[in-house]
Amino acid sequence: MIRRPPRSTPLYSSAASDVYKRQIQLKFVLIVHFLMLVSLFVRGKLILFNSYICSNFKLMTLIKSISGIRGTIGGFLGDNLTPIDVVKYTSAYGMWLKSRSKGKIKVVVGRDARISGLIFQNLVDSTLQSLGINVIDLGLSTTPTVEIAVSMEKASGGIILTASHNPKQWNALKLLNDKGEFVSAKDGNEILTIAENENFEYAQIDDLGINCLLYTSPSPRDQRGSRLAGWGCKK
């Protein structure tokens, strides 16, 4: 219990005043830490509850918005984020980029450490290359790393495979423009429209894109390869 000096004392001594201030500060710090622990506990319980509901009651979700495509893994096409949905919305994004860009297009791709991350990464890379788009695949990367890489490599856009704080059942495709920023509402709606119309045109055999990190120097067998500068490539 914190006791104030008796009121009969006309002036607090300097030492007593300092002790009283430190007691107040300590009490404030303890209260803040307690509230933080309570917040973390509640948040953790909510995440576990969400995970339990998704796992045991098979509640699948596919959310299509201007900020990207996110959903839970497994289930039926169109109800959640299946491999076919990944290909569909990646194709729509690629077609949108091709409608805005001249010449060869590069897209930076990065992912977090989710269980489904590597599968989605391979699907996204292959789909973009099938559209004739070169891929700069960063593998495990943070969101800011992908955003900066788009600008540094002068890429046409980027895709981040992450569902942020959501449980392991979730994953998402977050779409970037050529500035390394999330696409605008107008651009997002255009991509969703392309996806719904499924008006995709894939590249012919000689025009397929490449994974820039797999080609370190030109080869007599494949003249599409080029020497890397950093992680970029040209075609």
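Computed from a predicted model, the values in this text were never measured in an experiment. Along each chain, the written sequence defines residue order, and numbers are assigned to residues from 1. Residue-level local features of this predicted model are given only where pLDDT is at least 70; pairs of side-chain atoms are given and counted only at 80 or more, and the full residue set underlies all totals for whole chains, interfaces and linings. Excluding hydrogens and water, the side-chain figures rest on all heavy atoms present in the structure.

S.K.: Which residues make up the side chain of Asn134, and what are the values?
M.R.: We count a stretch as a helix when DSSP gives it H or I for four or more residues in a row; a strand needs E for two or more, and each element gets its number in order from the N terminus. By secondary structure assignment, the location of Asn134 is in strand β4 (residues 134-140). For the exposure calls, accessible area comes from a 1.4 Å probe over protein chains only, and a residue counts as buried if that area is under 20% of its type's maximum, exposed if over 50%, partly exposed in between. The class for Asn134 is buried, based on a relative accessible area of 1%. Here a polar contact means two N or O atoms within 3.5 Å. Within protein one must be a hydrogen donor candidate and the other an acceptor candidate, and residues neighboring in sequence count only if both atoms are side-chain atoms. Among the polar contacts made by the side chain of Asn134, one reaches the main-chain amide nitrogen of Ile210 at a distance of 3.0 Å.

S.K.: Describe the packing of helix α2 (residues 83-100) against helix α3 (residues 117-130), listing the residues and the values that go with them.
M.R.: In this analysis an axis means a line fitted to C-alpha atoms, helices contributing only their contacting stretch, and an angle means the value between N-to-C directions, from 0 to 180 degrees. The interhelical angle for the contact between α2 and α3, taken along N-to-C directions, is 40°, at an axis separation of 9 Å. Overall, the two elements α2 and α3 adopt an arrangement that is oblique. Note that α2 runs across α3; the crossing there is right-handed. Facing Pro83, Val86, Val87, Thr90, Ser91 and Gly94 of α2, the residues of α3 in contact are Phe120, Leu123, Val124, Thr127 and Leu128. The residue inventory of the contact of α2 with α3, partitioned by class, reads seven nonpolar, four polar and no charged. Working definition: roughly parallel below 35 degrees, roughly antiparallel above 145 degrees, roughly perpendicular at 65 to 115 degrees, and oblique for all remaining angles. Should the near helix be turned anticlockwise from the far one by less than a right angle, the crossing is termed left-handed; should it be turned clockwise, right-handed. Contact criterion: two residues are considered in contact whenever any of their non-hydrogen atoms come within 4.5 Å of each other. In the scheme used here, Gly and all other residues not listed as nonpolar or charged are polar, with Ala, Val, Leu, Ile, Met, Phe, Trp, Tyr, Cys and Pro taken as nonpolar and Asp, Glu, Lys and Arg as charged.

S.K.: I'd like to hear about the pattern of salt bridges, residue by residue, with values.
M.R.: When charged atoms on two side chains of opposite charge get close, those side chains can pair. Salt bridge, as applied in this entry: a Lys or Arg side-chain nitrogen positioned within 4 Å of an Asp or Glu carboxyl oxygen. Going through the model one piece at a time under the given rule, you end up with four salt bridges. Measuring nitrogen to oxygen at the nearest pair gives 3.7 Å for the salt bridge that ties Arg100 to Asp187. You can see Arg100 sitting in helix α2 and its partner Asp187 sitting in helix α5 (residues 185-197), a full 87 residues away along the chain. Note on Arg100: relative accessible area 46%, which makes it partly exposed. Of the charged contacts, one joins Glu190 and Lys186 as a salt bridge, the two residues approaching to 2.8 Å between their closest N and O atoms. Of this pair, Glu190 and Lys186 both sit in helix α5, four residues apart, which is roughly one turn of that helix. Glu190 sits in the partly exposed class, given a relative accessible area of 30%.

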